[in-house]
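What follows is the residue order along each chain.
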Amino acid sequence: MKIFLDTANITEIKKGLAFGVIDGVTTNPSLVAKEQREFIPLIKEITAAMPGPVSVEVTASKPEEMIAQAEKYAAIAANVVIKVPINLEGLQVVKALAGRGIKTNVTLIFSPSQALLAAKAGATYVSPFVGRIDDISGDGMALVEDIALIYDNYNIATEIIVASVRHPLHFVQAAKIGADVATIPFVTLAQLLNHPLTASGMERFLKDWQKVKP
Ligand code: E4P
């Protein structure tokens, strides 16, 4: 499973890259707003720091304006993937961008039917938001299972990005289902690695090692 970092923060991206296991980055308008920086220079910096795909979201609502934004963002760097919300306009934009060879990540996916339509329109990735479904007492991972089954039924190449990840269990469940990608906040990346028994085990080994004569 590929691991993307879900952040627009350069420090987090650089720290994340030091783990040696990060394959890409996803941003969204809320994450970008948190950085309080000019948008285009920020995206330039992220795409230069991150060798893998970097999702950048369009914010216009009319298809022609979304396409114009997408072309502008795609011109920033070869690794830009255009994030498009799932709705009628979004589907039209995904189809147009696929025709121009521009990769897309269809976002705000909350149902299997949305994921199937996005794939049919030519989406490179779809992003089901598992945490937001769990937040309202739904089952986010059941959605991922459904999408995986449907894509498997029809040999669909669109990749599933498990998004809105809240904790390590989401990450493990995504891997058990066989999702292509999990996009995770930086804080979750650190949680994936740490275990109290590893820490106490190390401490005991090092303490005992002091007693060994060279
Ligand atoms: C995915 O691409 C989104 O940026 C993100 O995962 C949304 O997460 P949230 O529900 O924690 O805002």
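Our structure is the block above this text.
Residues numbered from 1 in each chain as written. Predicted model: local features only at pLDDT ≥ 70, side-chain atom pairs only at ≥ 80, totals over all residues. Heavy atoms only, no water.

Quick word on the site of the ligand
Taken together, Asp6, Thr26, Asn28, Lys83, Phe129, Arg132, Ala163, Ser164 and Arg166 make up the full set of residues adjacent to the ligand. A distance of 2.7 Å separates an oxygen atom of the ligand from a polar atom in the side chain of Asp6. Arg132 places a polar side-chain atom, nitrogen or oxygen, 2.7 Å from an oxygen atom of the ligand. Starting from 340 Å² of accessible surface for the ligand in isolation, the protein chains cover 85%. Looking at the shell around the ligand residue by residue, the class counts come to two nonpolar, three polar and four charged. (Near = heavy atom within 4 Å. Polar contact = N/O pair within 3.5 Å; in protein donor to acceptor, adjacent residues only side chain to side chain. Areas by Shrake-Rupley, 256 points an atom, 1.4 Å probe, with all protein chains shown as cover. Nonpolar A, V, L, I, M, F, W, Y, C, P; charged D, E, K, R; others polar.)

Some details on the packing of helix H4 (residues 63–74) against helix H5 (residues 88–99)
Where H4 contacts H5, the axes come no closer than 9 Å and their chain directions differ by 45°. Put simply, H4 runs oblique to H5. Once H4 is placed against H5, the crossing between them reads as right-handed. Taking contact as the criterion, the partners of Pro63, Met66, Ile67 and Ala70 in H4 are, on H5, Glu89, Gly90, Gln92, Val93, Ala96 and Leu97. In terms of residue class, the contact of H4 with H5 is made up of seven nonpolar, two polar and one charged. (Axes fitted to C-alpha atoms, helices over the stretch in contact; angles between N-to-C directions. Helix = DSSP H or I, 4+ residues; strand = E, 2+ residues; numbered from the N terminus. Parallel < 35°, antiparallel > 145°, perpendicular 65-115°, else oblique. Left-handed = near helix turned anticlockwise from the far one by under 90°. Contact = heavy atoms within 4.5 Å.)

Let's talk about the packing of aromatic side chains
In the structure shown here, the tally under the stated rule is four aromatic pairs. Plain terms: the ring middles of Phe19 and Phe186 are 6.4 Å apart, the flat faces sit at 90° to each other, and that makes the pair edge-to-face. One end of the pair, Phe19, is in the loop between helix H1 (10–17) and strand E2 (24–26); the other, Phe186, is in helix H10 (residues 186–193), with 167 residues separating them in the sequence. We classify Phe19 as partly exposed; its relative accessible area is 33%. Residue Phe186 is classed as buried on the basis of its relative accessible area, which comes to 17%. (Phe/Tyr/Trp six-rings, centres within 6.5 Å; stacked < 30°, edge-to-face > 60°. Buried < 20%, exposed > 50% of the residue type's maximum accessible area, 1.4 Å probe, protein only.)

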